[in-house]
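Descriptive analysis of the structure
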Amino acid sequence: QVQLVESGGGLVQAGGSLRLSCVASGSISSIDRMGWYHQAPGKLRDMVATITTGGPTNYADSVKGRFTISRDNAKNTVSLQMNSLKPEDTAIYYCNIEGREYWRSSYRNYWGQGTQVTVSS
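A short tour of the structure in this document, coming up. These numbers come from a predicted model, not from an experiment.

This next bit is on the state of the cysteines. Taken as a whole and judged by the stated rule, the model has 1 disulfide. Disulfide partner of Cys22: Cys95, at an S-S distance of 2.1 Å. Where Cys22 bonds to Cys95 through sulfur, the torsion about that S-S bond is close to -80 degrees, and the disulfide is left-handed. Of this pair, Cys22 sits in strand S3 (residues 18-26) while Cys95 sits in strand S9 (residues 91-101), and the two are 73 residues apart along the sequence.

Shown next, in the form of structure tokens:
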């Protein structure tokens, strides 16, 4: 079983910063891509940022220059530093990994439970 535990969400004023973290644990053997997605009320879940094992990153246009994703492969963690937050960033943020459990031959997607980020104007 694989568990993803997120932390760091909360309420912040526009222009402020938050840092989200996610730790993967359990029967995970290796992780390829790690990322963050968000879902606002009434909207679909969208990619915010992803990072592969080797380090290449990908960002949604709406967060480029404001958010930074990073990972610690030794600790199976992925973080998202969010600066210059805007009210439209308000959403539930989900951690996602593409990982493989010890007894599996293929990689699968795993999701965290989500953490609320609210940005007030």
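Another aspect to go through is the nonpolar core. Residues Trp36, Leu80, Met82, Tyr93 and Ile97 are the most contacted members of the largest nonpolar core, which totals 30 residues. At the level of secondary structure, the elements contributing two or more residues to this core comprise strand S1 (2-7), S3, strand S4 (28-39), strand S5 (46-51), strand S7 (67-72), strand S8 (77-82), S9 and strand S11 (115-120). Setting aside residues no more than four positions away along its own chain, Tyr93 makes contact with Glu6, Leu20, Trp36, Tyr37, His38, Val48, Phe67, Leu80, Met82, Gly114, Thr115 and Val117.

With that settled, the discussion passes to the sheet that holds S7. Strand pairs in the sheet, formed through backbone hydrogen bonds, run parallel or antiparallel to each other. Reading across the sheet, the 4 strands line up as S1-S3-S8-S7 and stay open at both edges, with antiparallel pairing between neighbours. Pairing within the sheet leaves two strands with one partner each, and these edge strands are S1 and S7. When the angles between neighbouring strand axes are averaged without regard to direction, this sheet yields 15 degrees.

The full count for this structure, using the stated rule, is 1 aromatic pair. Ring centres of Tyr37 and Trp111 lie 5.0 Å apart, and the angle between their planes is 70 degrees; this geometry places the pair in the edge-to-face category. Of this pair, Tyr37 sits in strand S4 while Trp111 sits in strand S10 (residues 108-111), and the two are 74 residues apart along the sequence. According to the relative accessible area criterion, Trp111 is partly exposed, its value standing at 39%. The side chain of Arg45 reaches across the aromatic face of Tyr94, ending 3.6 Å from its centre.

Now for the layout of surface pockets. When its volume is computed, the largest pocket comes out at roughly 200 Å³. In this structure, the largest pocket is lined by 15 residues; those nearest its centre are His38, Lys43, Asp46, Ser62 and Glu88. Counting only elements with at least two residues in the lining of the largest pocket, the list comes to S4 and S5. Along the lines of polarity and charge, the residues of the lining of the largest pocket split into 5 nonpolar, 4 polar and 6 charged.

Basis of the calculations
- Residues numbered from 1 in each chain as written.
- Predicted model: local features only at pLDDT ≥ 70, side-chain atom pairs only at ≥ 80, totals over all residues.
- Heavy atoms only, no water.
- Disulfide = S-S within 2.5 Å.
- Helix = DSSP H or I, 4+ residues; strand = E, 2+ residues; numbered from the N terminus.
- Core = buried A, V, L, I, M, F, W, Y, C linked by side-chain atoms within 4.5 Å.
- Buried < 20%, exposed > 50% of the residue type's maximum accessible area, 1.4 Å probe, protein only.
- Contact = heavy atoms within 4.5 Å.
- Pairing = 2+ DSSP bridges.
- Axes fitted to C-alpha atoms, helices over the stretch in contact; angles between N-to-C directions.
- Phe/Tyr/Trp six-rings, centres within 6.5 Å; stacked < 30°, edge-to-face > 60°.
- Lys NZ or Arg CZ within 6 Å of the ring centre and 35° of its normal.
- 1 Å grid on protein atoms, 1.4 Å probe; cavity = no way out; pocket = protein on both sides within 12 Å on 5 of 7 lines; lining within 4 Å.
- Points joined across faces, edges and corners; volume = space filled by probe spheres on them.
- Nonpolar A, V, L, I, M, F, W, Y, C, P; charged D, E, K, R; others polar.

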